[in-house]
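Take a look at the letters that make up each chain.
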Amino acid sequence: MNYLRLIRFPNLIMVIVMQCIIMFGFFKPFDIELSLSSLGFTFLVIATVFIAAGGYIINDIIDVTADKINKPKKRIIGVSIDPRRAKFFYYIFTYVGVGFGFVITAVLKEPLYFLIFPGIAFLLYLYSRFLRKIAFVGNLLVSLTVALSIMIVGIFELFSIDGYYDNELKAFLLDIILNISIAAFLINLIREIVKDIEDIQGDHVARYRTLPIILGAQRTARIASILCLITLTLISWYTFTFLYDHKLTVAVLFFGVIAPLGYVATRLWEDDKKSHFTRLSLILKVIMFIGILTIPLISQTIADAI
C-alpha cells in the first residue's frame, strides 16, 4: 500500500481511464483509421503512466521538508520508504517509461516523437528540483503535462498515419482534442494554485516562492476564482455553441463541470482554512474526472452533426 501511495495509484488510474476514453470513446464514432494497434496503444499508456509515476516519486523525495508540515500523516519518504529505495524506484519507473516510448516510436518509424518521453521525464524532474519553487511556473508545467497526456494520444494516433486518408477529418479531430486538452489544462492549473494555498505553511518553511507566499493566500484564491470564471465561460460557450442539440451532453457538462466550477469560484472568495482548500482541490479533481467521462458524449454529438 505504501508503494501504491508513493506513485499516486488513483491518479495513475485516472490517466489510464482518460487515455482509454480518448482511444475507444472519442475516435469510435468517426470510424477513422488509426496508427496504433491495441498493443501499441498499451505501450503508449504504460510509457505515460510509468513516467508520471516517476514524477510523483521524485517530487516526494525532493519535497520531503515541506511535506513534514503540509502532509505529516500522509508522508511516506523517510517514514515508510527509505529515500534511497524511493530514488531507485524513480529511476526504474522513468527508464521503463522512456523505454516503452522508444519501442512505440521505433515501430511507427517516427524517431522525433521519441523526444516527447525523455522530455516529459526531464521536465518533471526540473519541476521537482527547481520549478516547484518558482511562482506560477511550476503550476503551468504540471498543468501542461496533464494536457499533454491527452494530446499525446491524438498525436500518435493521427499524425503517424501515412497517405491522405481523411486528412481534413484528422485535423478536425485533433482540434477537438486540443480543445479538451485546454480545458483540462485550465482546470488543473486552478487545482495546482489551490493546492499551493493549501500547502502555504510547509512551502514557506521549505523557502518556496509560490503565488500564495508572494501575494498572500487571499489574493491568490481570488486569482484562482477568476480563472474558474474564465474556464467555465469558455466551456459554457463551447457547450452551447457546438453541443446545444444534444440535451444529455449539455446537461452532464452543465451539472458536472460548469455549475461545480461556479461553486468553486464562489467558495474561493470566502474560504480561508486549509481544510476548505483541501475540499476545493478534491472537487476540482472530480470535475476533471466528470469532464473526461463526458468525452464520448461530446464525440458522438459532434459526429452526429457532421
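So, here is what we can say about the structure in this document. Quick caveat: nothing in here was measured; it's all calculated off a predicted structure.

1. Considering the overall build of the protein
In step 1: Looking only at helices and strands, the protein has 14 helices and zero strands in total.
In step 2: Whereas a compact globule of 306 residues would reach a radius of gyration of roughly 19 Å, the protein reaches 20 Å, a difference of no more than 12%.
In step 3: Along the first, second and third principal axes, the C-alpha atoms of the protein reach 55 × 45 × 30 Å.
In step 4: Evaluated residue by residue, the protein yields a buried proportion of 50% over its 306 residues.
In step 5: Of all intrachain contacts in the protein linking residues separated by at least 6 positions in sequence, the fraction that spans at least 24 positions is 78%.
In step 6: Of the accessible surface of the protein, which amounts to about 15,100 Å², a share of 67% is contributed by carbon and sulfur atoms.
In step 7: Within the protein, one finds 28 positive and 22 negative side-chain charges whose respective centroids are separated by 14 Å.

2. Concerning the side chain of S143
In step 1: Structurally, S143 can be placed in helix α7 (residues 137-158).
In step 2: A polar contact of 2.9 Å, which involves the side chain of S143, links it to the backbone oxygen of N139.

3. Some thoughts on the side chain of D199
In step 1: Locating D199 in the fold gives a position in the loop between α8 (167-198) and α9 (200-205).
In step 2: The class for D199 is buried, based on a relative accessible area of 7%.
In step 3: Look past the residues within four positions of D199 in its chain and what remains in contact with it is N70, K71, R132 and K274.

4. What to know about the nonpolar core
In step 1: Counting 89 residues, the largest nonpolar core has F27, F156, L173 and L268 as the members making the most contacts within it.
In step 2: Here this core takes 15 residues from α8, the largest share from any one element.

Calculation notes
Residues numbered from 1 in each chain as written. Predicted model: local features only at pLDDT ≥ 70, side-chain atom pairs only at ≥ 80, totals over all residues. Heavy atoms only, no water. Helix = DSSP H or I, 4+ residues; strand = E, 2+ residues; numbered from the N terminus. Rg over C-alpha atoms; globule rule 2.2 N^0.38 Å. Buried < 20%, exposed > 50% of the residue type's maximum accessible area, 1.4 Å probe, protein only. Contact = heavy atoms within 4.5 Å. Areas by Shrake-Rupley, 256 points an atom, 1.4 Å probe, with all protein chains shown as cover. Lys, Arg positive; Asp, Glu negative; His and termini not counted. Charge placed at Lys NZ, Arg CZ, Asp CG, Glu CD. Polar contact = N/O pair within 3.5 Å; in protein donor to acceptor, adjacent residues only side chain to side chain. Core = buried A, V, L, I, M, F, W, Y, C linked by side-chain atoms within 4.5 Å.

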